[in-house]
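# Structural overview for review
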Amino acid sequence: GVFYAEHLENIPFYVNGFHPHHLLFPPIAHFFYGILHAIIPAIKGMTFLLVLSAISGGITIYLFSLLLGKFGFSKFSRITGMILLATSYTFWHHSTDANIYIPAHLLTLLLILLVVSDNFHKSDTKQIMAGLLLAFAGLNHQISLAAILPLAWLIYVRTPQKKLQP
């Protein structure tokens, strides 16, 4: 992660390659860095990835608050949960590091919010979006695939069961 960030501006896009744990992140980061670098030539790859992690971390904290609200937690509990997550060592470290972890968690949290949204089981569009988000999150970092079993359980318990007709 950090080695990649330090050398991002010196790696040609076609040489960028793929990492087995995060297949899409390097080419996507390189693509967006190229666009930003064309606008702001002085920006370094490390700065770009640090800002990406920080912004993703802030959005993830907000989405976590929305998820807690979805499950009926009070405003005080939501704020406490946000503070606990934001100040936990791992989350803090990854939100201030030039790495893929927080953007991958952001995508996974978006997926969970989509699955627990109202009428998920009735909306083909939401189900297709959930599948695409899971694929995209998993291709950005394989840790996102750890959400498959909890998501399958959530989908099962939130979907009205149909009675079998003889």
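Residue numbering note: each chain is counted from 1, following its sequence as written. Owing to the predicted nature of the model, reporting of local features is limited to residues with pLDDT of at least 70; listing and counting of side-chain atom pairs is limited to 80 or more, with chain, interface and lining totals taken over all residues. Water and hydrogen atoms were dropped before computing side-chain values, which therefore reflect all heavy atoms in the structure.

## Some details on the nonpolar core
Side chains of nonpolar character tend, in soluble globular proteins, to be buried together. We define the nonpolar core as a collection of buried residues of types Ala, Val, Leu, Ile, Met, Phe, Trp, Tyr and Cys that are connected through side-chain atoms lying within 4.5 Å of one another. The buried label goes to any residue with under 20% of its type's maximum accessible area, the exposed label to any with over 50%, and the partly exposed label to all in between, with areas taken from a 1.4 Å probe on protein chains only. Membership of the largest hydrophobic core comes to 17 residues, with the highest contact counts inside it found for Leu111, Val115, Ala130 and Leu151. Top contributing element to this core by residue count: helix 6 (residues 101-115), with seven residues. Any pair of residues with heavy atoms lying within 4.5 Å of one another is described as a contacting pair. In this view, Leu151 contacts Leu111, Ile112 and Val115; residues no more than four positions away in its chain are not counted. Counting residues in hydrophobic clusters, the runner-up holds eight residues, among them Ala29, Tyr33, Phe48 and Ala98. Strands here are runs of E lasting at least two residues and helices are runs of H or I lasting at least four, both read from the DSSP assignment and numbered beginning at the N terminus.

## Details of the packing of helix 2 (residues 25-39) against helix 3 (residues 45-70)
Note on geometry: axes are lines fitted to C-alpha atoms, helical ones only across the stretch in contact, with angles between N-to-C directions running from 0 to 180 degrees. Close contact between helix 2 and helix 3 brings their axes to 11 Å; oriented N to C, the two are set at 110 degrees. Between helix 2 and helix 3, the interaxial angle falls into the category roughly perpendicular. Helix 2 and helix 3 meet at a crossing whose hand is right-handed. On the side of helix 2, the interface is formed by Phe25, Ala29, Phe32, Tyr33 and Leu36, while helix 3 contributes Gly45, Phe48, Leu49 and Leu52. Relative orientations are named as follows: roughly parallel for angles under 35 degrees, roughly antiparallel for angles over 145 degrees, roughly perpendicular for angles from 65 to 115 degrees, and oblique for any other angle. When the near helix sits turned anticlockwise from the far one by under a right angle, the crossing is termed left-handed; a clockwise turn instead gives a right-handed crossing.

## Description of helix 6
Compared with the 21 Å implied by 1.5 Å per residue over 15 residues, the 21 Å span of helix 6 between its first and last C-alpha is a close match. Of all 15 residues in helix 6, 11 are buried, a share of seventy percent or more. For helix 6, the set of buried residues is Ile102, Pro103, Ala104, Leu106, Leu107, Thr108, Leu109, Leu111, Leu113, Leu114 and Val115. The inward-facing, buried residues of helix 6 contact helix 3, helix 5 (89-95), helix 7 (124-140) and helix 8 (148-158). Expected span, for any helix, means 1.5 Å times one less than how many residues it has.

## Quick look at the environment of Leu84
By secondary structure assignment, the location of Leu84 is in helix 4 (residues 75-87). For the pair Leu84 and Ile61, spaced 23 residues apart in sequence, the C-alpha separation works out to 9.9 Å.

## A few points about the pattern of salt bridges
Opposite charge on two side chains permits them to pair, given that their charged atoms come into close proximity. The rule for a salt bridge is simple: a side-chain nitrogen of Lys or Arg has to be within 4 Å of a carboxyl oxygen of Asp or Glu. Applying the stated criterion across every chain yields a total of one salt bridge. The partner of Asp118 in a salt bridge is Lys70, and the shortest N-O contact between them spans 3.6 Å. Taken together, the residues Asp118 in the loop between helix 6 and helix 7 and Lys70 in helix 3 connect sequence positions 48 residues apart. Overall, the relative accessible area of 38% leaves Lys70 in the partly exposed class.

## Points about helix 2
Helix length check: helix 2, at 15 residues, gives a terminal C-alpha distance of 21 Å against a target of 21 Å (1.5 Å per residue), a fit within 8%. Taken together, the buried positions of helix 2 are occupied by Phe25, Pro26, Pro27, Ala29, His30 and Tyr33.

## Digging into the environment of Ser144
With respect to the helices, strands and loops of the structure, Ser144 is situated in the loop between helix 7 and helix 8. In sequence terms Ser144 and Leu109 are 35 residues apart; their C-alpha atoms lie 9.4 Å from each other. With sequence-adjacent residues up to four places away left out, Ser144 is seen in contact with Ala104, Thr108, Leu134, Ala137 and Gly138.

## Structural notes on the environment of Ser77
Structurally, the position occupied by Ser77 is in helix 4. Between the C-alpha atoms of Ser77 and Ser65, which are 12 residues apart in sequence, the distance is 9.1 Å.

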